[in-house]
Amino acid sequence: MISVRNVGYTYMRGTPFEKTALKNISFDVADGEVVAIAGHTGSGKSTLIQLMAGLIDLQSGAIEIDGLSVADGAIRRKVGIVFQYPEHQLFEETVGDDIAFSPRNFGLSDEEISARVTEAMRQVGLDAALKSSSPFELSGGQRRRVAIAGILAFKPKYLILDEPTAGLDPPAKENLLRNLFDKPRATIILVSHNMDDIARLADRVIVLAQGENIFTGTPRQLFARQEILRRAGLEPPPVMKLLHALGIDAVALTADEAEKIIARNHLPHPLNQPITRPPKDGRSPELDA
Ligand SMILES: Nc1ncnc2c1ncn2[C@@H]1O[C@H](COP(=O)(O)OP(=O)(O)OP(=O)(O)O)[C@@H](O)[C@H]1O
Ligand SMILES: [Mg+2]
């Protein structure tokens, strides 16, 4: 379990550039949970997860992981963190060496390391033949997977993901999410702006706005609180926008659920409505696509 208690953080304290990034944040993450951290840019998400991974020092409050303070080096074996653009952190000569870096640091046997590298490559959907390639010969999406495999290879109990799919195309994104979230999996802390991903993947959501925790609850509870989304500068997921557009005051997390709600409200199915297109006179090309 992770416990975050009254955590605050200010950058460049005591200088004219002082910037408070977090104020009095408290929450728990139970084993096996997927907890999303959502919030507008600059709301403090990355600061919070860096504190949770022990990458920056606590200033006030406490964070414990399985009863150990994050200041204790022993948590490094328990917590894997994948940064927003992890592909920039590859530095070994081959993909295999890069993925093996952490397990090697933790003193595992060569045999065990090799098995873990193979398993991690499979988990992120990387072809085993790429093991001896240079990471620098790979595409951006492949490099991202190498970086994530490098974290999975040491089998952290807790996995912290900062926008893991940013910049990936939709099939690559789906593939990666399936591999990361399918069970058995770690306890996951997922930083995301994407409410659709949060709706699908998270058990609970913590919403930050200007460094404050303005909401903690399930995605379903969050999407019923439009004022919270508005205050946090977050967009509701597309299924919710559809329900609102149809004047239905209900919460749906998936398209299937929205469809049932629409049918129950005896509204004509939106897909059966005639689509009126603007005339192709060149005045609104973006609508003709
Ligand atoms: N190294 C730093 N020095 C000074 N201020 C910083 C530093 N890192 C972050 N900040 C400030 O702290 C606040 C929170 O930043 P943080 O990176 O945690 O936000 P975020 O929610 O992760 O944003 P994004 O969605 O853009 O990644 C912002 O106002 C930011 O400008
Ligand atoms: Mg960030």
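So, here's what we can say about the structure. Note that the coordinates shown come from a computational prediction; the quantities given were computed from them, not determined experimentally. (Residues numbered from 1 in each chain as written. Chains lettered and ligands numbered in written order. Predicted model: local features only at pLDDT ≥ 70, side-chain atom pairs only at ≥ 80, totals over all residues. Heavy atoms only, no water.)

Turning next to the site of ligand 1. Within the structure, ligand 1 sits among 14 residues, and Thr41, Gly42, Lys45, Ser46 and Thr47 are positioned closest to it. The backbone of Ser43 places a nitrogen or oxygen atom 3.2 Å from an oxygen atom of ligand 1. At 3.0 Å, a backbone N or O of Gly44 approaches an oxygen atom of ligand 1. Surface burial for ligand 1 is 66%, taken as the share of its 630 Å² of free accessible area covered by protein chains. Among the elements of the structure, strand S2 (19-29) and helix H1 (45-52) are those that each provide at least two residues to the shell around ligand 1. (Near = heavy atom within 4 Å. Polar contact = N/O pair within 3.5 Å; in protein donor to acceptor, adjacent residues only side chain to side chain. Areas by Shrake-Rupley, 256 points an atom, 1.4 Å probe, with all protein chains shown as cover. Helix = DSSP H or I, 4+ residues; strand = E, 2+ residues; numbered from the N terminus.)

All right, on to the packing of aromatic side chains then. Scanning the model with the defined rule gives 3 aromatic pairs in all. Note on Tyr9 and Tyr11: the rings are 4.9 Å apart at their centroids and 70° apart in plane angle, and the pair reads as edge-to-face. Using a relative accessible area of 30% as the deciding quantity, one classes Tyr11 as partly exposed. Centre to centre, the rings of Phe91 and Phe101 are 5.3 Å apart; their planes meet at 80°, and the pair counts as edge-to-face. Within this pair, whereas Phe91 is found in the loop between strand S6 (79-82) and helix H2 (95-105), its partner Phe101 is found in helix H2, the two being separated by 10 residues in sequence. (Phe/Tyr/Trp six-rings, centres within 6.5 Å; stacked < 30°, edge-to-face > 60°. Buried < 20%, exposed > 50% of the residue type's maximum accessible area, 1.4 Å probe, protein only.)

A few words now on the environment of Ala100. Structurally, Ala100 is set in helix H2. For the pair Ala100 and Glu33, spaced 67 residues apart in sequence, the C-alpha separation works out to 27 Å. Those residues in contact with Ala100 that lie beyond four places of it in its chain are Ile113 and Val117. (Contact = heavy atoms within 4.5 Å.)

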